[in-house]
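Architecture at a glance
Now for the letters of each chain:
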Number of protein chains: 2
Amino acid sequence: MRKPPTLVSLAIDTALLNLSHISDLSFLPEHILLDLFLRTLRAGKLTEKILKLFVATGKDEVLSLISELNIQPVLTPEYKSNFCLRLSASLNVGKMAQVNIRDDEVDIVIGALHSDLTSFMEEWRAVFSRFHLIIVKDPDLKEDLKIPGGFNLDIYKRSDIEHVVGSSSTVVFSGYSCRYFGYLMSCKKYIVSIDDDCIPAKDDMGELIDAVAQHITNLTTPATPFFFNTLYDPFRKGADFVRGYPFSLRSGVHCALSCGLWLNLADYDAPTQALKPGQRNSRFVDAVLSVPVRVMLPVSGINIGFDRELVGPALLPAFRLAKEGKFRWETVEDIWSGMCVKVICDHLGFGVKSGLPYVWRKERGDAVESLKKEWEGIKMMEEVVPFFQSMRLSQAAVTAEDCVIEMAAAVKERLGPLDPTFARAAETMVEWVRLWKVVTAQMSIAA
Amino acid sequence: MRKPPTLVSLAIDTALLNLSHISDLSFLPEHILLDLFLRTLRAGKLTEKILKLFVATGKDEVLSLISELNIQPVLTPEYKSNFCLRLSASLNVGKMAQVNIRDDEVDIVIGALHSDLTSFMEEWRAVFSRFHLIIVKDPDLKEDLKIPGGFNLDIYKRSDIEHVVGSSSTVVFSGYSCRYFGYLMSCKKYIVSIDDDCIPAKDDMGELIDAVAQHITNLTTPATPFFFNTLYDPFRKGADFVRGYPFSLRSGVHCALSCGLWLNLADYDAPTQALKPGQRNSRFVDAVLSVPVRVMLPVSGINIGFDRELVGPALLPAFRLAKEGKFRWETVEDIWSGMCVKVICDHLGFGVKSGLPYVWRKERGDAVESLKKEWEGIKMMEEVVPFFQSMRLSQAAVTAEDCVIEMAAAVKERLGPLDPTFARAAETMVEWVRLWKVVTAQMSIAA
């Protein structure tokens, strides 16, 4: 049985209700003042005027609490409850004020490697239909696309690609790389991209997962890459920063890339797939976490979201295997591009998250066949990973474009001599940035 | 409907069954050879003799596969299926050969902060009764301990502590630090330690979680701290390394520390607890992951397992707040000790895992009361974290003892001038290593 409230507790409750009419708190004993302050915070009632009231008491414990929680007036006129906002980043009060973004700030980009997208689009209709879609047809695909009605979309084909980049460009948009043309043509802040052999997954309660909403949540709540939080994402409902987590690191940084996962068929390489053809991923891990600074990860292009304004130019189709095929395990362009983005995020002070959302990946392809041609990519990872792990950018690189150009020079110098694929990648990175700048400039004139 | 097997496939199945009677494979076409090799691997039938058979074919694709998978004869006589063992580390075939450890290689260490352990012990009986227990009574606790029968245990009290370390030692074993006396007295390879206000949690299927078994699994399968695996622990059933993960890093390293989590009451600091008194952790995240190299985390002493032989001397009660209390949020000794272990693991090439197992943490204490005295620890984290993040040990430090001594000197020099608590911590670290060496030497003589 709960104990009845004490008289002191009831008095504090009443004070809380009438706080805006009180002009002096200095007569209160310090422990009551502290209690009142905490309850004010919890109730989301801390305004500039009320903060001044507490500060005016001059009581040490209260002043120390205010300073430690890093509560400061934020001079942004559009936010009324500015203290709570500033505080939410440092003590995560209530729930992190998630930035509300509009549907028209998001493009869904789909690379069409299959001509019949009917079942793919129908499966995603509930999720996709609110957004603008960019569908890029693999230029190697002969048949016409089949796409059901009722979506707001633009379709780009080989002729559009050639119109923009020319057919002789070093940037190649065939196979899985066709989606990068969509990244180039988008003018939205956020992009979500999902492979056309994936359908919405269900969570462990059997509910359909809105992958787009989860990517946007990941991108619009802070990332915390400088110290590991053992309870995963501290900004999720019901979670927080664990004891020992420095307060100065709790406000986090902008998240620029959200890497989702896969149920059913996971994103394995050809040897793993060939050795374990029956293996299916059925474990739903209900977590999102910030990948720590200076830690590299294998970003899979199957299911991602990113902030195009922050890192768009770093998602690039630069690393093309000589024997690149039409199965995921025959490509590494996304792994390469992912490490570019991670290095750039680390350098520019942005974060990368991994975990939710899941998509359901359907099976296709014979990995044993791929094994006969795909050793190249696996071998190259042994050079690629140490390269990106040790890559440090100069202070002169202050935009994603700068960073890609600087990285391209390092690729050319350090990896170029090892294999022509690296030299080509360096060249493509430079060309991609040129293209990005041209297209962006054209769009801003057109807008 | 599944397609019926092809004749080629049936022929390969038959060849697999009779492989030990075949003396030459070179007449087989390369694609069949590759298929046969993969099936041999999957079936766990690759012996030294059979490997030679495949090597003798001289076929490029097979030789390349063998080299890429890093398949080598391991010259350890005790393992018969030595190839599969070596391979399991690089391609994770079947399931990672988990080292089978005996129950008598584990000590469960409990710090008794409450005198009546009856319900705690009864809740854990099914899990604990197989193991030897070390119970250390908080020297500040006046009442006699109440412990139910049927356990194999040793109890240590104030008099035992004084007998071993003297009452004037700089190493203090009161409050939550009493458990460290148990770490000192243990002679087992593995230690699991759980706070006496925690009971076994249930997983998301409602099954009771065996926290000890999970810690041992974490400690006896490799950690992979050099590259982030987006599917979490690659050695769990149903998981693996994701495409792009370098093969050279797949064998991983020894795991020295396993950090478990908490359902119900999470391990928050006093301000978080005070601001969100009703918050309970109900999210069961079904994952274990390696904390990447050079990444610091807030290790909570509530629920951990570690390899005493590898890092025992680094789990030390050195960082004692002037106003340390009897609630978890009034202590930071475990946070300090955790960062010592992490730095040492990074230096010596061991891994640290975080995630499963969960325990169910019961509530107690009034965080608002603690707030009135506990700002010290929170403020100090702002100095402690950058210190450990930038700490690099010299090549001369080759054991955990060496590392602690070297770190103590750095603490004294860099943090000592800031606060007497740091100077005391440095002194205690040196004294602890001395104590560890004396006790270990005495035990090895007694054994």
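What counts, and where the lines are drawn
Residues numbered from 1 in each chain as written. Chains lettered and ligands numbered in written order. Predicted model: local features only at pLDDT ≥ 70, side-chain atom pairs only at ≥ 80, totals over all residues. Heavy atoms only, no water. Phe/Tyr/Trp six-rings, centres within 6.5 Å; stacked < 30°, edge-to-face > 60°. Helix = DSSP H or I, 4+ residues; strand = E, 2+ residues; numbered from the N terminus. Buried < 20%, exposed > 50% of the residue type's maximum accessible area, 1.4 Å probe, protein only. Lys NZ or Arg CZ within 6 Å of the ring centre and 35° of its normal. Contact = heavy atoms within 4.5 Å. Buried area = accessible area lost by both parts, 1.4 Å probe. Salt bridge = Lys/Arg side-chain N within 4 Å of Asp/Glu carboxyl O. Polar contact = N/O pair within 3.5 Å; in protein donor to acceptor, adjacent residues only side chain to side chain. Nonpolar A, V, L, I, M, F, W, Y, C, P; charged D, E, K, R; others polar. Pairing = 2+ DSSP bridges. Least-squares fit on C-alpha atoms with pLDDT ≥ 70 in both. pLDDT = per-residue confidence, 0-100.

Here the focus is the packing of aromatic side chains. Residue and element names in this part refer to chain A. Applying the stated criterion across every chain, the model contains 38 aromatic pairs over all chains. Residues Phe-173 and Phe-181 carry aromatic rings whose centres are separated by 5.4 Å and whose planes lie at 75° to one another, so their mutual orientation is edge-to-face. The interplanar angle of 75° and the centroid separation of 4.9 Å between the aromatic rings of Tyr-183 and Phe-306 together place this pair among those described as edge-to-face. A residue pair is termed long-range when its members are at least 10 positions apart, and Tyr-183 in helix α8 (residues 178-185) and Phe-306 in strand β8 (residues 303-307) qualify at 123 residues. Per residue, the accessibility class of Tyr-183 equals that of Phe-306, and both read buried. Over the face of the ring belonging to Phe-247 we find Arg-250, whose NZ or CZ atom lies 3.9 Å from the ring centre.

Bringing the interface of chain A and chain B into the picture now. Contacts between chain A and chain B engage 84 residues on the former and 83 residues on the latter. Taking both partners together, chain A and chain B bury about 7200 Å²; carbon and sulfur atoms supply 62% of that area. Of all residues in chain A, Arg-243, Leu-275 and Arg-283 of chain A give up the largest surface area on contact with chain B, accounting jointly for 13% of the area buried on that side. Counting across the interface, chain A meets chain B through 10 salt bridges. With its nearest N and O atoms 2.7 Å apart, the salt bridge here joins Arg-250 of chain B to Asp-269 of chain A. Summed over the shared surface of chain A and chain B, the result is 27 residue pairs in polar contact (both at pLDDT 80 or more). Secondary-structure elements contributing two or more residues to the side of chain A that touches chain B are α2 (30-42), α4 (60-68), β6 (255-264), α10 (270-275), α12 (333-348), β9 (351-361), α13 (367-371) and α14 (375-390) of chain A. Tallying contributions element by element places α14 of chain A first for the side of chain A that touches chain B, with 7 residues. Partitioning the side of chain A that touches chain B into residue classes produces 46 nonpolar, 17 polar and 21 charged.

All names here are of chain B. Counting buried positions along strand β4 (residues 190-194) gives 5 out of 5 residues, so the element sits mostly inside the fold. Burial along β4 is two-sided: the residues Tyr-190, Val-192 and Ile-194 and Ile-191 and Ser-193 are all buried. Relative to β4, strand β1 (residues 106-112) runs parallel, the two sharing 4 bridges. Looking at the pairing, Ile-108 lines up with Val-192 of β4. Bridge count for β4 against strand β8 (residues 303-307) is 5 bridges, and the pairing is antiparallel. Bridging across to β8, Ser-193 finds its partner in Ile-304.

Residue and element names in this part refer to chain A. Tracing the backbone through its elements, the reader meets Phe-181 in helix α8. The class of Phe-181 is buried, set by a relative accessible area of 0%. Separated by 36 residues in sequence, Phe-181 and Thr-217 have C-alpha atoms that sit 25 Å apart. Setting aside residues no more than four positions away along its own chain, Phe-181 makes contact with Val-136, Tyr-156, Asp-160, Ile-161, Val-164 and Phe-173.

Bringing helix α9 (residues 211-220) of chain A into the picture now. All names here are of chain A. Within α9, 8 of the 10 residues are buried, which leaves it mostly tucked inside the rest of the structure. Looking at α9, one finds that the buried residues are Ala-211, Val-212, Gln-214, His-215, Ile-216, Asn-218, Leu-219 and Thr-220. Two or three places before Val-212, at the opening of α9, Asp-210 has a side-chain oxygen 3.2 Å from that residue's backbone nitrogen.

Residue and element names in this part refer to chain B. Checked against the element boundaries, Gly-175 lands in the loop between α7 (158-165) and α8 (178-185). With a relative accessible area of 2%, Gly-175 lands in the buried category. Setting aside residues up to four positions removed in sequence, Gly-175 forms contacts with Leu-113, Asp-138, Asp-140 and Lys-326.

Laying chain A over chain B is done by rotating through 180° and shifting 0.0 Å along the axis; what remains is an RMSD of 0.1 Å. On the angle and the small slide along the axis, the relation comes out as a two-fold axis. Using C-alpha coordinates, one finds that chain A approaches the rotation axis most closely at Val-285 of chain A, a distance of 2.8 Å. Comparing contact sets, 99% of the residues at the interface of chain A also lie at the interface in chain B, consistent with an isologous, same-surface contact.

Turning our eyes to something else, we now look at the confidence of the model for chain A. Interpreting fine coordinate detail is not advised for predicted regions of low pLDDT. On average, residues of chain A score 89 in pLDDT, and 92% of them reach the 70 mark or higher. Note on residues 74-89 of chain A: pLDDT is under 50 here. Beyond four places in sequence and across chains, it has 26 contacts.

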